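# An overview of the molecular structure
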Amino acid sequence: MTNDAFPELFAPLELGFTQLRNRIVMGSMHTGLEDRARDYPKLAAYFAARARGGAALLITGGISPNRVGWLAPFSSKLTSRSEVSRHQLVTAAVHAEGAKICMQILHAGRYAFHPLLVAPSPLRAPINKFKPRELSARAVETQIADFVRCAQLAREAGYDGVEIMGSEGYLINQFLVTRTNHRLDEWGGSLENRARFALEILRRTRAALDKDFILVYRVSGLDLVEGGATGEETDWLVRQLADAGATILNTGIGWHEARVPTIAGMVPPGAFGWVSERIKRNTTLPVIATNRINTPEVGESILAAGAADLISMARPLLADPDLPNKARAGKSSTINTCIACNQACLDRIFVGKRASCLVNPLAAYETELQLTVAATAKRIAVVGGGPAGLACATALAQRGHRVSLFEAEHELGGQFRYAREVPGKEDFRETLRYFGNSLQNLRVEVLLGVRVTAAQLVAGGFDEIVIATGVVARHPRIAGIDHPSVISYPDLLSGRRQAGERVAIVGAGGIGFDVATYLSTSPAEHGVAAVDAFLQEWGIDRTHAQPGGLLHQIAPKRVVPFGCYSAKRRGRERDLGALRAGFIALHSSTAVWRCAAVSATNALMIRACTSALARALRCCRPIRSLSARVRSQLPIWSLSCGRLAARHR
């Protein structure tokens, strides 16, 4: 074991009453296992795997301190001793692996998706259909008491501490800013009054618990919404948190209703380290840096620069629970890197499913999907070197089988190779790197440029044959499809053909968006230049002089995508943009609806397009006959876990 490559990352951190074995934190991330008592054995195995993999401190998904703070009806909460025993399964499993664990206390406030929701002021969130009830002064006191009670129960359950969720636009954050706090009593108005709720929760929790109990406060370092906090206001709050009883400060970035991406692949690695650095300048407490830190190299650079004391890796530890141990052993090349796709973690949670990971399907399924050593080793042929073939060959070899992998192309990856060429998806290269190294370490026979036949497979004497040849790009039956100017996306993204100056893209599904990004976006920059370009593109104020950290403070009253339509409330005026939006929806892949909940912004945008289509159908007699077909393509709008989502009919 060696720490030579990452001396900062693997230095222990002394907290006075206890020590963290290194600087790696698994940040809070909801899996869905928290919501049902029967799933806590699975949750225990999930956290035990990350503790065994070397993380020093783990933080659970959000647990509500009462029913009004639920994220959704009957979601996770800790309000009575009858619920303590299930949590003890989790804490015992983590402690057995030598790590520490904190339970996050999260009150959803106006983000709660149920009719019981409450908030500082009765202002409906743009990503929620429910309007909150304004808390009375007495009810505010009740909420504080519930936070304290929840922390006491967490201590009984064996947690080493709690994280108080004060960012991302949840209840505490809602009290802090004028965007959501219009109160005129002692809990609103001045900054001191708006911050009183957060500080009283900390003070009373610390008073109720011993000094050897970790209190992590997650402070919103950058709201990224109009009417959010300024840097000066955040600096003032940070300076109060140590005296209020906090042990560690975690960095929160962006509200859920913000239009700025914060964890998507388009965000450069370590893009928000400067936010943690600003927090660190205003406190003596240890500070956790977060968001898009997906490799030990990025984490080490942030620590070495003095921008933080700890590094939060939530989804990276979902992708590879052994990331810390691999990095410490000098085996970073074997890490299964998070590619920031959001497909199996966030997308599944938004529709009420258990979270997992696109590049690690064992995540959150540790008790159900186990790669045990096979009783009898077999010779197995895997035909196809795309993602399915790579995963299959790797899993078979891990079980002890002798595997031969046949790939017709001269490079592994299949159509996954095309995705890596799209700006914002550069991390997809890391998945192919990981599988390539895994195949080599597991001694899988890889045969490139071999289009194997059935006769050859039979002659090879294999015990089993797995066909994983994937798919080919669809060749639509459109007049003129064979014209020399028509290029398929594999030819374009592979570099076999080049596009001209003016391009028409047929199809507005995921691939259509990727092609548009590929054609309209410059190749990604790296390091500081990439971060600066990202901040400029999204209008983020690095000086944080503006409220919410946004350079542009004009918030539109409604989302009107691409100027698709215009209509007067009582008039009949329509423009052809609505009709164009209708045809785009008609001819696009329905996959665009299924991924509508990737962000609240995208969801609202697609809803506006749907509205435009409906307007077009009402006013355009020639296409009324298509309305039934079109309606079958439209999403049924619903809300899940406080996020807008689309469910296909």
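Structure's up top.
Residues numbered from 1 in each chain as written. Predicted model: local features only at pLDDT ≥ 70, side-chain atom pairs only at ≥ 80, totals over all residues. Heavy atoms only, no water.

## Digging into the sheet that holds strand β14 (residues 402-407)
The criterion, for reference: Pairing between strands requires that DSSP locate at least two bridges from one strand to the other. Runs of H or I in DSSP of at least four residues are treated as helices and runs of E of at least two as strands, each being numbered from the N terminus. Interaxial angles span 0 to 180 degrees and are taken between N-to-C directions of axes, which are lines fitted to C-alpha atoms, for helices over the stretch in contact.
Strand order in this open sheet of four strands is β15-β14-β13-β16, and the pairing throughout is parallel. The outermost strands of the open sheet, each flanked by one partner alone, are β15 (445-448) and β16 (464-467). Mean inter-strand twist for the sheet, computed between neighbouring axes without regard to direction, equals 15°. Two strands pair when backbone bridges link them, and strand β13 (residues 379-383) and β16 are joined in this way by four bridges, in the parallel orientation. Within the sheet, the bridge partner assigned to A381 lies in β16 and is I465.

## Side note on the nonpolar core
Nonpolar side chains tend toward joint burial in soluble globular proteins. In plain terms, the rule: What is meant by a nonpolar core is a set of buried Ala, Val, Leu, Ile, Met, Phe, Trp, Tyr and Cys residues, joined one to another through side-chain atoms within 4.5 Å. Partly exposed describes any residue whose relative accessible area lies between the buried limit of under 20% and the exposed limit of over 50%, with all areas from a 1.4 Å probe on protein chains only and scaled to the type maximum. For this analysis, residues touch if any pair of their heavy atoms sits within 4.5 Å.
Core analysis: the biggest nonpolar cluster contains 136 residues, and I172, F197, Y217, L241, L249, F272 and I540 have the highest contact counts within it. The greatest single-element share of this core, amounting to eight residues, is contributed by helix α3 (residues 137-156). Ignoring any residue separated from it by four or fewer positions in sequence, one finds L241 in contact with L199, L202, Y217, V219, A246, L249 and L285. L13, L15, L20 and C102 belong to the second-largest nonpolar core, a separate cluster that totals 13 residues.

## Re the state of the cysteines
Quick note on the threshold: Here, two cysteine sulfur atoms that lie within 2.5 Å of each other are counted as a disulfide.
In total, this model carries zero disulfides according to the counting rule given. Not engaged in a disulfide, the cysteine C345 finds its nearest cysteine sulfur in C341; these two sulfurs lie 6.0 Å apart. The class for C345 is buried, based on a relative accessible area of 10%.

## Considering unusual backbone geometry
One non-glycine residue, A340, lies in positive phi territory at about 55°. Positionally, A340 belongs in the loop between α10 (323-328) and α11 (346-350). Although it is not a glycine, N342 adopts a positive phi angle of roughly 65°. Inspection of the secondary structure assignment puts N342 in the loop between α10 and α11.

## Some thoughts on the pairing of strand β5 (residues 100-105)
Counted only if it meets this: A clockwise course of the path from the first strand over the helix to the second, judged with the strands pointing away from the viewer, identifies a crossover as right-handed.
The element β5 is extensively covered by neighbouring structure, given that five of its six residues are classed as buried. Pairing of strand β4 (residues 57-59) with β5 involves three bridges; the strand directions are parallel. By the bridge assignment, I59 is partnered in β5 with C102. Traced from β4 through helix α2 (residues 84-96) to β5, the parallel crossover comes out right-handed. As judged from the four bridges shared by β5 and strand β8 (residues 161-166), these two strands associate in the parallel manner. Across the sheet, the residue bridging to C102 is G161, located in β8.

## So, the pattern of salt bridges
Oppositely charged side chains can pair when the atoms bearing their charge come close. Condition: By salt bridge we mean one thing: a side-chain nitrogen of Lys or Arg within 4 Å of a carboxyl oxygen of Asp or Glu.
Counted by the stated rule, this structure contains 33 salt bridges. Between R52 and E97 there is a salt bridge, with its nearest N and O atoms 3.0 Å apart. Taken together, the residues span a long stretch of sequence, with R52 in helix α1 (residues 40-52) and E97 in the loop between α2 and β5 at a distance of 45 residues. With its nearest N and O atoms 3.4 Å apart, the salt bridge here joins R155 to D212. Here D212 lies in the loop between α5 (191-208) and β9 (214-222) and R155 lies in helix α3, a separation of 57 residues in the sequence. Residue classification places R155 among the partly exposed residues on the basis of a relative accessible area of 30%.

## As for the packing of α3 against α5
Spelled out, the test is: Comment on the angle field: the value is read as roughly parallel under 35 degrees, roughly antiparallel over 145, roughly perpendicular from 65 to 115, and oblique elsewhere. Whether a crossing is left-handed or right-handed is set by the direction in which the near helix is turned from the far one by less than a right angle, anticlockwise for left-handed and clockwise for right-handed.
Direction vectors running N to C along α3 and α5 enclose 40°, while the axes themselves pass 9 Å from each other. Compared by their axis directions, α3 and α5 come out oblique. For the pair α3 and α5, the crossing hand works out as right-handed. When α3 is examined against α5, the residues V140, E141, Q143, I144, F147, V148, A151 and Q152 are found in contact with a partner set consisting of F197, E200, I201, R204, T205 and A208.

## Notes on the environment of G352
In this fold, G352 is placed in the loop between α11 and β13. Considering only alpha carbons, one finds G352 and G32, 320 residues apart in sequence, at a separation of 7.4 Å.

## A few points about the packing of aromatic side chains
By convention here, two paired aromatic rings are described through the distance between centres and the angle between planes. Put simply, the rule is: Only centres within 6.5 Å qualify two rings of Phe, Tyr or Trp (six-membered ring in Trp) as a pair; their planes then separate them into stacked at under 30 degrees, edge-to-face at over 60, and tilted for everything else. Geometrically, a charge over a ring is one whose NZ (Lys) or CZ (Arg) sits within 6 Å of the ring centre while staying within 35 degrees of the ring normal.
Across all of its chains, the model carries twelve aromatic pairs by this definition. Ring plane angle 50° and centroid distance 5.3 Å describe the contact between W70 and F74, whose orientation is recorded as tilted. With a centroid separation of 6.2 Å and 90° between ring planes, the pair formed by F406 and F462 is classed as edge-to-face. Taken together, the residues span a long stretch of sequence, with F406 in strand β14 and F462 in the loop between α15 (454-459) and β16 at a distance of 56 residues. Comparing F406 with F462, the two get one shared label, buried. These aromatic residues form a ring-pair network of at least three members: F147, F175 and F197. Stacked on the ring of Y40, the Lys or Arg R86 has its end atom at 5.9 Å from the ring centre. Lying across the ring of Y365, R354 places its NZ or CZ 4.0 Å from the centre.

## Notes on the environment of H30
Under the convention used in this document: Polar contact criterion, stated in full: a pair of N or O atoms within 3.5 Å, where within protein one must be able to donate a hydrogen and the other to accept it, and residues adjacent in sequence count only if both atoms are side-chain atoms.
Within the secondary structure, H30 is located in the loop between β3 (24-26) and α1. Spatially, the C-alpha atom of H30 lies 8.6 Å from that of C345, the residues being 315 residues apart in sequence. Engagement of the side chain of H30 in a polar contact is seen with the side chain of D35, the distance being 3.3 Å.

## Thoughts on the sheet that holds strand β10 (residues 248-253)
Spatially, the eight strands close up into a barrel ordered β3-β4-β5-β8-β9-β10-β11-β12, and their pairing is parallel. When the angles between neighbouring strand axes are averaged without regard to direction, this sheet yields 30°. Of the pairings in the sheet, the one linking β3 to β4 comprises two bridges and is parallel in character. Its bridge partner being in β4, V25 is matched across the sheet by L57. Its contacts with the sheet put α1 on β3, β4 and β5, and the angle it makes with β4 is roughly 155°. Relative to β5, α2 is tilted by about 145°, and along the sheet it contacts β4 and β5.

This is a description of form; function is not addressed.
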